Amino acid sequence: MKTIIFKTASTYLLPLLVLFSVFILLRGHYLPGGGFVGGLIASIAFVIHSFANGLEQTKSLIKFHPGFLMPIGLCIALLSGAAPLLVGQSFMTGLWFEDPLPVIGMVGSALFFDTGVYLVVIGVTLTIIFTISETL
Amino acid sequence: MSVYDYLYYIILPILAVSILIIFIRFLIGPKLSDRVVALDLLLTTGIGIIAVYSIITNQPAFLDIAMILALIAFLGTVAFAYYLEKREKND
């Protein structure tokens, strides 16, 4: 679509929405949020950018095919699930650092699992929507 | 009359009645574009209801849900506009 207002807004919305999605991802343990919603928000940011500036520009912005995010995210989730096995506890036990980190808060294996979910959701959603809008 | 009474007895009934009126427009809307505008307005009124509810129950976390709903409503309207433009070009 060739509207200058939407184009200008999408350039500012993209970094803001990605930042908001990271905030939702990090907040997700004790408050609403988490990897799935964060991934959806991040992919919505790229979809709005692709509606405003065309699909080719968004693809050149991402640099690689978003489908590659799926195996990476699954590997991160699997590794974070398998990490307690090294300490002698059962699969997917939550391991937590003693002290909270300054900005992020409490860091544990659940956060890495959420990061994996986040990457998988971004990869799946962007692959689906890019394929649909290519054939439209 | 406190803020809570005001929200309960004035703001929420207004929003509820307006949702009914918008839904009638959504049903009878003669063209597809009328229905798209009505859908957008329905979601915006829903955001208003969520905001009022988050004030009444004193839960600021609901405001983030309203924000995400606004984002999805905006994306839906943009996608419908994109689709309508493409359809007119193809006809």
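Reading the values: the criteria
- Residues numbered from 1 in each chain as written.
- Chains lettered and ligands numbered in written order.
- Predicted model: local features only at pLDDT ≥ 70, side-chain atom pairs only at ≥ 80, totals over all residues.
- Heavy atoms only, no water.
- UniProt positions renumbered as here; feature names shortened; annotations may be inferred.
- Salt bridge = Lys/Arg side-chain N within 4 Å of Asp/Glu carboxyl O.
- Helix = DSSP H or I, 4+ residues; strand = E, 2+ residues; numbered from the N terminus.
- Buried < 20%, exposed > 50% of the residue type's maximum accessible area, 1.4 Å probe, protein only.
- Contact = heavy atoms within 4.5 Å.
- Buried area = accessible area lost by both parts, 1.4 Å probe.
- Polar contact = N/O pair within 3.5 Å; in protein donor to acceptor, adjacent residues only side chain to side chain.
- Nonpolar A, V, L, I, M, F, W, Y, C, P; charged D, E, K, R; others polar.
- Phe/Tyr/Trp six-rings, centres within 6.5 Å; stacked < 30°, edge-to-face > 60°.

- Going by an unreviewed UniProt entry, chain B carries the name Multisubunit sodium/proton antiporter, MrpF subunit and comes from Belliella pelovolcani.
- The record held by UniProt for chain B lists under Sequence similarities (unreviewed entry) the comment "Belongs to the CPA3 antiporters (TC 2.A.63) subunit F family."
- Turning to chain B, the UniProt record has this under Subcellular location (unreviewed entry): "Cell membrane".

- Identification of chain A as Multisubunit sodium/proton antiporter, MrpB subunit from Belliella pelovolcani is taken from an unreviewed UniProt entry.
- In its Subcellular location (unreviewed entry) section, UniProt records this for chain A: "Cell membrane".
- Taken from UniProt, the Sequence similarities (unreviewed entry) comment for chain A reads in full: "Belongs to the CPA3 antiporters (TC 2.A.63) subunit B family."

1. Some points on the pattern of salt bridges
Consideration 1: In total, this model carries two salt bridges over all chains according to the counting rule given.
Consideration 2: The shortest N-O distance in the salt bridge between A:Arg27 and B:Asp64 comes to 2.4 Å. Residue A:Arg27 is found in helix 1 (residues 4-27), and its partner B:Asp64 is found in helix 3 (residues 61-90); the two belong to separate chains. Each member of the pair A:Arg27 and B:Asp64 is classed as buried.
Consideration 3: Where A:Lys59 meets A:Glu134, a salt bridge forms, and the shortest distance between an N and an O atom there is 2.3 Å. One end of the pair, A:Lys59, is in helix 3 (residues 55-62); the other, A:Glu134, is in helix 5 (residues 109-135), and 75 residues separate them in sequence.
Consideration 4: Its relative accessible area of 29% is what places A:Lys59 among the partly exposed residues.

2. Some words on the interface of chain A and chain B
Consideration 1: On the chain B side, the residues contacting the 15 residues of chain A number 14 residues.
Consideration 2: Together chain A and chain B conceal approximately 1500 Å² of surface at their shared face, both sides included; 87% is due to carbon and sulfur atoms.
Consideration 3: In this assembly, chain A and chain B are joined by one salt bridge.
Consideration 4: Taken together, chain A and chain B are joined by one residue pair in polar contact (both at pLDDT 80 or more).
Consideration 5: Secondary-structure elements contributing two or more residues to the side of chain A that touches chain B are helix 1 and helix 2 (35-53) of chain A.
Consideration 6: Across the side of chain A that touches chain B, the residue classes break down as 14 nonpolar, no polar and one charged.

3. A few points about the packing of aromatic side chains
Consideration 1: Within this structure, the stated rule accounts for six aromatic pairs over all chains.
Consideration 2: A ring pair is formed by A:Phe6 and B:Phe74, whose centres lie 5.9 Å apart and whose planes are at 80 degrees; its orientation type is edge-to-face. Of the two residues, A:Phe6 is situated in helix 1 and B:Phe74 in helix 3; the pairing between them involves two chains.
Consideration 3: We classify A:Phe6 as buried; its relative accessible area is 9%.

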